[in-house]
Amino acid sequence: MPTAMLTRAIRAILDHLADVGAATRLAIATAGRMLSPPFEGRELLRQLDRIGVGSLNLTNITALFTGLVLAVQTAYTLAAFGARLYIGEVVALSLVRELGPVLTALMVGGRVGAGITAEIGSMTVTEQVDAMRSMAADPIRKLVAPRAWATVIMLPLLTILADAMGIFGGMLIAVLQEGLTAGFYFQHAFRLLDFSDIAMGLAKPLVFAYLIAVIACHNGLRARGGADGVGRATTRTVYASAISVLVSDFLITKLFVGL
């Protein structure tokens, strides 16, 4: 029994390593297709609309209530120290550096990543991708590169809007609950933000976006077993993209803090 369990564990580890290797090869190939013509302009525009515009409500509502909760918790915690005037600094720095990029990426990874995997997975199990290859068309250029470009373009923009909505939510609490003026709140909110904070807040969604797109497309292209296989691939995308976002967030934060 212990030998069988060890064998299964080793096999599972090797399978995961092979999967990571295949996703890495896809990431490298996708980068090459993204930077070389011809470009799929029509498909790119369609994906920009689906990924960006389609995610606006989800990311903005998430950021708004994150800002509200963060401001409430900050006011409650700082009240013991007589420092409720610093709500703006705490909300702005927390959102721009960390919460805005990460929460937006998690929301987009769940919604968009699952959608990309389901779409490409359905094409894979119905042999549309194989038919594309048989006609000498490149699935990476036709399917993966436009989705990767659209995610890389739209996720930073969604993050900027989410940061603004979160800071606005903090302002509502500061004005309506704490009695501060909007001008005072915004003056303090932007007082401590510098170039490194903004650079970190924009670098993270660029990395997150590429990871989400590659993982989603990779799982879609490897889907097997009909509708059930597409469902399993979609589930893998959700948790793999979430873990990738959190791990890369830690690494990027350590990189910027160490500079």
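What you are looking at is a predicted structure, and each value in this text was computed from that prediction instead of being measured.

Colleague: Is there a simple way to think about unusual backbone geometry in this case?
Modeller: Trans is the prevailing form of peptide bonds, just as negative phi is the prevailing case for residues other than glycine. Residue P38 follows P37 across a cis peptide bond; omega there is 0°. Relative to the helices and strands, P38 resides in the loop between α1 (2–34) and α2 (41–51). In this structure, E127 takes a positive phi of about 65° despite not being glycine. Checked against the element boundaries, E127 lands in the loop between α4 (87–125) and α5 (128–134). In this model, A136 sits at a positive phi of 65°, which is unusual for a non-glycine residue. The topology assignment puts A136 in the loop between α5 and α6 (139–176). Look at A136 and you get exposed, because its relative accessible area is 74%.

Colleague: Just checking my understanding: could you explain the packing of α4 against helix α8 (residues 195–221) for this structure?
Modeller: The relative placement of two packed helices is expressed as an angle between their axes plus a distance between the axes. The geometry of α4 relative to α8 is characterised by a closest axis approach of 8 Å and an angle of 15° between their N-to-C directions. Comparing their axes, α8 and α4 come out roughly parallel. Regarding α4 and α8, the two cross each other, and that crossing is right-handed. Its residues assigned to classes, the contact of α4 with α8 comprises 15 nonpolar, 8 polar and 4 charged.

Colleague: What's the story with the packing of α2 against α4 in this structure? I'm lost.
Modeller: Between α2 and α4, the least distance of the axes is 11 Å, while the angle of their chain directions is 135°. Relative to α4, α2 is oriented oblique. Here R46, Q47, R50 and I51 of α2 lie close against α4, whose contacting residues are R111, V112, I116 and E119.

Colleague: It is not clear to me how a nonpolar patch on the surface should be interpreted in this structure. Could you clarify?
Modeller: A cluster of nonpolar side chains, I153, L157, I160, I198 and L202, forms an exposed patch at the surface whose accessible area comes to about 390 Å². Contributing elements (two or more residues each) for the nonpolar patch: α6 and α8. Considering every element that reaches the nonpolar patch, the biggest residue donor is α6, with 3 residues. Secondary-structure assignment places L202 in helix α8. Assessed through its relative accessible area of 34%, L202 is described here as partly exposed.

The rules behind each value
Residues numbered from 1 in each chain as written. Predicted model: local features only at pLDDT ≥ 70, side-chain atom pairs only at ≥ 80, totals over all residues. Heavy atoms only, no water. Helix = DSSP H or I, 4+ residues; strand = E, 2+ residues; numbered from the N terminus. Buried < 20%, exposed > 50% of the residue type's maximum accessible area, 1.4 Å probe, protein only. Axes fitted to C-alpha atoms, helices over the stretch in contact; angles between N-to-C directions. Parallel < 35°, antiparallel > 145°, perpendicular 65-115°, else oblique. Left-handed = near helix turned anticlockwise from the far one by under 90°. Nonpolar A, V, L, I, M, F, W, Y, C, P; charged D, E, K, R; others polar. Contact = heavy atoms within 4.5 Å. Patch = residues over 30% accessible without salt bridge, like charges linked within 9 Å, V, L, I, M, F, W, Y side chains within 5 Å. Areas by Shrake-Rupley, 256 points an atom, 1.4 Å probe, with all protein chains shown as cover. Salt bridge = Lys/Arg side-chain N within 4 Å of Asp/Glu carboxyl O.

Worth remembering: the numbers are spatial, not functional.
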